Amino acid sequence: MVEQQIWQYAPVLILLLVALGLIGGMLAASAALGPRGRRPPIKDSAYECGMLPVQPGGGRFAVKFHRVAMLFILFDIAVVFLYPWAVVYREMLAGQAPAVLGGVLVFVGVLLVGYLHAVRKGAFDWRG
Amino acid sequence: MTPTLEFFLFSALKVVAAASVLMAMVAYTVLAERRISAFVQDRIGPNRVGPAGLFQPLADAIKAFLKEDFVPGHVRKFFFWLAPVLVMLPGLLSLAVIPFGSRLGSQPMVIADLNVGILYTFGIVSLGVYGIVLAGYGSNSKYPFLGGVRSSAQMISYEVAMALSTIPVFMIVGDLNLSRVIGHQAGGWSHWMVFQAPLSFILFIAAAFAETNRLPFDLPEAENELVAGHNTEYSSIKFALFFMGEYSSMIAMSAMTVTLFFGGWTLPVFGLDQPAATWAAGIAHIAVFLSKVALMVCLMIYVRWMWPRFRYDQLMDLGWRRFVPLGLANILATALVLWARG
């Protein structure tokens, strides 16, 4: 039974349970052990270096962050595609060198065109 | 004892041992950081509690537990409680695939020898961004929110660079399993990946600093702009968990670096290159691995106190305009060199 591949993940599950138990235990212990102080209204307000908070937290923020998130998804997927290729690269070099080398040149070439387009459109210009 | 029972028993033993060692290392890395920073700045540092301040982590822990566990009224309660858990989890979970020794008796010294190895690690490491973003969102306060947003953009940017940087290593090894990566580096200093793929190492270590939010990339908690960033509204052990999370991912990243680039538990002297045949050799392998990790951690601490912080636009510029093209060029160069060698 333990030879099956899926069982290799059983120790990861054990680790997850141990980690959750550890962190949960720490949070519970701290909540139980710590003193209960008074609760004046000023203590419940957001901390801004002793100033009274001037506007609700988490208001508007720059759209640039959203742009980075989109670029990340595009590039990270492209990078993940390179992993299977990296694993078989040396094996395939022996017999099918043009296919495995040419293939990645085309792939990276397409990626590069997209990247250069993003650069020219100013997608990485943080100050703009 | 049936093989199934034995498998679960030994897995549980290894999990508990690895988690305990990690927590102890976290405690003493904090102390090391304080002592080294004191040394760098010509101060003395904490040396009162126990001999040479060795019981300081214990005192810190007791203090963190005994502080008031205050949840301010303006926070989003569920996410406020969830965030410290999610910050702490990735550091612990990424231990699973890292071989911390060859074997003791008949047991391989790795919690789960997954064939997807590095992909599991990248998956777990990228979960770290949730903890920080949710801390910012859950705190419902200005500075934590800005810290969280900044941090998410930084971590995902450098994740691309990190994933690109390691590909040449796996082209050379031809396997994603980390035990195979170590096996490939056995047999001589020059077999270590840091010498076979130096540019990969430089890109990886820089991205590792950015992923763990260490200086020179500690923009998420730039204290002179953002109070303390994402952990501003936290107190008691929830505040301590953010630091334990940072230090455990720092140790996990050091362990990854050692595994990928510095030969893991191997050492090309005294016949320590081969999987251990005796218990003594098995223990020596674990000691070698832990020493290498400790050296990497000391490097990360040293860099923190020696370097200034990048400006945010410089940080994004470095990630997207330098590291991404360099990483792609590195992959193509490695491909061509391997092809030319035949």
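Residues numbered from 1 in each chain as written. Chains lettered and ligands numbered in written order. Predicted model: local features only at pLDDT ≥ 70, side-chain atom pairs only at ≥ 80, totals over all residues. Heavy atoms only, no water.

With respect to the overall build of chain B
Then, in step 1: Of regular secondary structure, chain B possesses twelve helices and two strands.
Then, in step 2: When its helices and strands are written in sequence order, chain B yields α-α-α-β-β-α-α-α-α-α-α-α-α-α.
Then, in step 3: For 342 residues, the compact-globule estimate of 2.2 N^0.38 gives 20 Å, and chain B sits close to it at 21 Å.
Then, in step 4: Considering only C-alpha atoms, chain B reaches an extent of 60 × 50 × 45 Å along its principal axes.
Then, in step 5: By the burial criterion, 59% of the 342 residues in chain B qualify as buried.
Then, in step 6: Excluding contacts between residues fewer than 6 apart, the proportion of contacts in chain B whose partners are at least 24 apart in sequence is 77%.
Then, in step 7: Element-wise, carbon and sulfur atoms account for 70% of the exposed surface of chain B, whose accessible area totals about 13300 Å².
Then, in step 8: The averaged location of the 19 negative side-chain charges in chain B is 2 Å from the averaged location of its 22 positive side-chain charges. (Helix = DSSP H or I, 4+ residues; strand = E, 2+ residues; numbered from the N terminus. Rg over C-alpha atoms; globule rule 2.2 N^0.38 Å. Buried < 20%, exposed > 50% of the residue type's maximum accessible area, 1.4 Å probe, protein only. Contact = heavy atoms within 4.5 Å. Areas by Shrake-Rupley, 256 points an atom, 1.4 Å probe, with all protein chains shown as cover. Lys, Arg positive; Asp, Glu negative; His and termini not counted. Charge placed at Lys NZ, Arg CZ, Asp CG, Glu CD.)

Re the pattern of salt bridges
Two side chains with opposite charge may pair up if their charged atoms get near one another.
Then, in step 1: For the structure on display, the rule yields seven salt bridges over all chains.
Then, in step 2: Between B:Asp60 and B:Arg34 there is a salt bridge, with the nearest N and O atoms lying 3.1 Å from each other. Of this pair, B:Asp60 sits in helix H2 (residues 56-66) while B:Arg34 is found in helix H1 (residues 3-40), placing the two residues 26 residues apart along the sequence.
Then, in step 3: Look at B:Arg34 and you get partly exposed, because its relative accessible area is 33%.
Then, in step 4: Several salt bridges share partner residues, and in doing so they unite A:Asp125, B:Asp317 and B:Arg321 into one network. (Salt bridge = Lys/Arg side-chain N within 4 Å of Asp/Glu carboxyl O.)

Topic: the nonpolar core
Then, in step 1: Residues A:Tyr83, A:Trp85, A:Tyr89, B:Met171, B:Leu260, B:Phe261 and B:Trp320 are the most contacted members of the largest nonpolar core, which totals 126 residues.
Then, in step 2: Residue assignment places this core across two domains, with domain 1 (2-36) and domain 2 (63-120) of chain A each supplying three or more.
Then, in step 3: With sequence-adjacent residues up to four places away left out, B:Met171 is seen in contact with A:Trp85, A:Ala86, A:Tyr89, A:Arg90, B:Ile331, B:Thr334, B:Ala335 and B:Leu338. (Core = buried A, V, L, I, M, F, W, Y, C linked by side-chain atoms within 4.5 Å. Domains from an automatic or database assignment.)

Examining the interface of chain A and chain B
Then, in step 1: On the chain B side, the residues contacting the 69 residues of chain A number 82 residues.
Then, in step 2: A combined buried area of about 6800 Å² lies between chain A and chain B, and 76% of that area is made up of carbon and sulfur atoms.
Then, in step 3: Its largest share of buried area at the contact with chain B, chain A owes to A:Leu15, A:Leu27 and A:Tyr83, together 11% of the area lost on that side.
Then, in step 4: Applying the counting rule to chain A against chain B returns one salt bridge. (Buried area = accessible area lost by both parts, 1.4 Å probe.)

Concerning empty space enclosed by the protein
All names here are of chain B.
Then, in step 1: Counted according to the given criterion, the structure contains one cavity of 30 Å³ or more.
Then, in step 2: By volume, the largest cavity amounts to about 340 Å³.
Then, in step 3: Surrounding the largest cavity, 26 residues form its lining, Met 155, Glu 211, Thr 212, Gly 245 and Ser 249 being those nearest its centre.
Then, in step 4: Listed by contribution, the elements that provide at least two residues to the lining of the largest cavity are helix H3 (77-93), helix H4 (118-139), helix H5 (142-173), helix H8 (198-211) and helix H10 (236-261).
Then, in step 5: Tallying contributions element by element places H10 first for the lining of the largest cavity, with eight residues.
Then, in step 6: Among the residues making up the lining of the largest cavity, the classes are represented as 13 nonpolar, ten polar and three charged. (1 Å grid on protein atoms, 1.4 Å probe; cavity = no way out; pocket = protein on both sides within 12 Å on 5 of 7 lines; lining within 4 Å. Points joined across faces, edges and corners; volume = space filled by probe spheres on them. Nonpolar A, V, L, I, M, F, W, Y, C, P; charged D, E, K, R; others polar.)

A word on the domain arrangement of chain A
Then, in step 1: Each assigned domain of chain A is listed here: domain 1 (2-36) and domain 2 (63-120).
Then, in step 2: On a C-alpha basis, the centres of domain 1 of chain A and domain 2 of chain A stand 37 Å from each other.

Re the confidence of the model for chain B
Parts of the model with low pLDDT should not have their predicted coordinates read in detail.
Then, in step 1: For chain B, per-residue confidence averages 86 on the pLDDT scale, and 96% of positions sit at 70 or higher.
Then, in step 2: Reported confidences for the modelled complex are a pTM of 0.89 and an ipTM of 0.86. (pLDDT = per-residue confidence, 0-100.)

Let's talk about unusual backbone geometry
Residues and elements named next belong to chain B.
Then, in step 1: Of note in this structure, Ala 52 is not a glycine but carries a positive phi near 55°.
Then, in step 2: Among the structural elements, Ala 52 can be located in the loop between H1 and H2.
Then, in step 3: Look at Asn 140: it is not a glycine, yet its phi comes out positive at around 50°.

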